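Observations on chain architecture
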Amino acid sequence: MLTDKQLRRKQFILVLAVCLVVLAGAIILDATLPSYHIIIKVIKKGAVYATVAVSMNLLNGFTGLFSLGQAGFMLLGAYTYAIFSIPVAQRAGVYMYYDGGIVQFSIPEFFAGIFGESFGTGFGMIVTLILAGVIAGLIALLIGLPVLRLKSDYLAIATLGFAEIVRALFQWAKLGPLTNGSNLLRAYPDFKHCTAYILITAAVVAIMFLLVNSSYGRAFKAIRDDEVAAEAMGINLAKHKRLSFVISSFFAGVGGGMLAMYMGTVQALSFKSAMTYEILLLVVIGGIGSLTGSVFTSFVYVAAVEWLLRGLDSGKFLGISAPGIFKNGFRMAIVSILIMVVVLFFSKGIFGDKELHDLVKKQPKKAKEVKKNA
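The paragraphs below set out a description of the structure included in this document. Every value quoted in this text rests on a predicted model; they were computed, and no experiment measured them.

What counts and how
- Residues numbered from 1 in each chain as written.
- Predicted model: local features only at pLDDT ≥ 70, side-chain atom pairs only at ≥ 80, totals over all residues.
- Heavy atoms only, no water.
- Patch = residues over 30% accessible without salt bridge, like charges linked within 9 Å, V, L, I, M, F, W, Y side chains within 5 Å.
- Areas by Shrake-Rupley, 256 points an atom, 1.4 Å probe, with all protein chains shown as cover.
- Salt bridge = Lys/Arg side-chain N within 4 Å of Asp/Glu carboxyl O.
- Helix = DSSP H or I, 4+ residues; strand = E, 2+ residues; numbered from the N terminus.
- Core = buried A, V, L, I, M, F, W, Y, C linked by side-chain atoms within 4.5 Å.
- Buried < 20%, exposed > 50% of the residue type's maximum accessible area, 1.4 Å probe, protein only.
- Contact = heavy atoms within 4.5 Å.
- Axes fitted to C-alpha atoms, helices over the stretch in contact; angles between N-to-C directions.
- Parallel < 35°, antiparallel > 145°, perpendicular 65-115°, else oblique.
- Nonpolar A, V, L, I, M, F, W, Y, C, P; charged D, E, K, R; others polar.
- 1 Å grid on protein atoms, 1.4 Å probe; cavity = no way out; pocket = protein on both sides within 12 Å on 5 of 7 lines; lining within 4 Å.
- Points joined across faces, edges and corners; volume = space filled by probe spheres on them.
- Polar contact = N/O pair within 3.5 Å; in protein donor to acceptor, adjacent residues only side chain to side chain.

Here's the deal with a nonpolar patch on the surface
Among the surface-exposed residues, F296, V300, I337, V341, L344, F345, F346 and I350 lie close enough to one another that they form a single nonpolar patch of about 800 Å² accessible area. The biggest single contributor to the nonpolar patch is helix α15 (residues 330-345), with 4 residues. Relative to the helices and strands, F296 is located in helix α14 (residues 291-308).

Quick look at the structure:
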């Protein structure tokens, strides 16, 4: 029987080995495949979705707050990243109707001027991603004061309404000098290699693991299980709900910035409520309360939709040419069927509330009673 110390060491080695294998694979793919290859794109988008799904799982899975505002915070993060990272020389071309826009400053260019182009731009992009999360977190702190007084479906409706209001606001013509109106924001720098995306997602997941296993994480779980009992134990419900909401929104903003880098353009019209539902789907299928479940499902889902099942929309799949059957939209029909099958056979999601390192735990053997006849 393993002691707790030996078990934690074994779990750490397993998780570290998986992370090193994934990182090594990303480095090899970056070295052998061009940045526009479909596999590289799948890894990048999978990393983006994994980051946002983990942030949503913290709120919905570990704290028990049913929020549907993730697309709004992603939009805030995406626009923050784009606005503050467009090179100054490119602003006149992007904001062609607004005299170069309001912001005449580029964070990546600022750090490139200090540290040099090779290091400064990459470091500046990381700083801009953090700023994207900070802006989303600050807005979450403001709206969380009234919204978090609501519960269950009412909270979901309120946060969904917030996301739609933010999207409409960013499409408002009078905000044109800041958001370029309904036009695209583009020409900002991005990470060409998927290794950078993997490293950012790994950092976010690691922070989440530390958080949910801390005293704050235990308080979140107590609120999820029973608010009355949690309050009776001395947990400040308002404080911890607000903290969970802000942290979740912060990382959703970081994910929005990553999505802006992946897409190469930002437009408010893309951040519809369907994006939130898609992220929520990944959380539920992976397992509510399982971080590794959210990460695993995100990459598998993106790989299936964007790569493996792509032929179902183009008339040919697995060497079978059937344009009369394989038409546009058939791919999502198959994905929906697969999701239904998963839900039927895994009622708590693929991972349930377990993590990857739980696989190394030894199950205790059931004691067998031997009955003797007199």
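Back to the text.
Some words on the nonpolar core
Among soluble globular proteins, nonpolar side chains are generally buried collectively. Counting 71 residues, the largest nonpolar core has F73, Y79, L185, M258, M261, V266 and F271 as its most contacted members. Per element, the largest residue contribution to this core is 10 residues, and it comes from helix α3 (residues 70-85). Those residues within four positions of F73 in sequence are excluded, and the remaining contacts are A136, A140, I143, F162, F245, S249, A252 and G253. If you look at the next biggest cluster of nonpolar residues, it comprises 15 residues, including V54, F209, F220 and I247.

Things to note about the packing of helix α9 (residues 194-212) against α14
Viewed as axis vectors pointing N to C, α9 and α14 meet at an angle of 155°, and their least axial separation amounts to 10 Å. Comparing their axes, α14 and α9 come out roughly antiparallel. Here I198, V205, M208, F209 and V212 of α9 come into contact with α14, specifically with L291, T292, V295 and F299. In terms of residue class, the contact of α9 with α14 is built from 8 nonpolar, 1 polar and no charged.

Some thoughts on the layout of surface pockets
The method is simple in principle: a probe with the dimensions of a water molecule rolls over the atoms, and the space it marks as empty is what remains. The calculated volume of the largest pocket comes to roughly 1200 Å³. Looking at the largest pocket, it is lined by 35 residues, and the ones nearest its centre are V15, V18, C19, T292 and V295. At the level of secondary structure, the elements contributing two or more residues to the lining of the largest pocket comprise α1 (4-32), α2 (38-62), α9 and α14. Taken together, the residues of the lining of the largest pocket break down into 28 nonpolar, 6 polar and 1 charged.

Regarding the side chain of S67
Relative to the assigned elements, S67 resides in the loop between α2 and α3. Side-chain polar atoms of S67 contact the backbone nitrogen of G69, separated by 3.5 Å.

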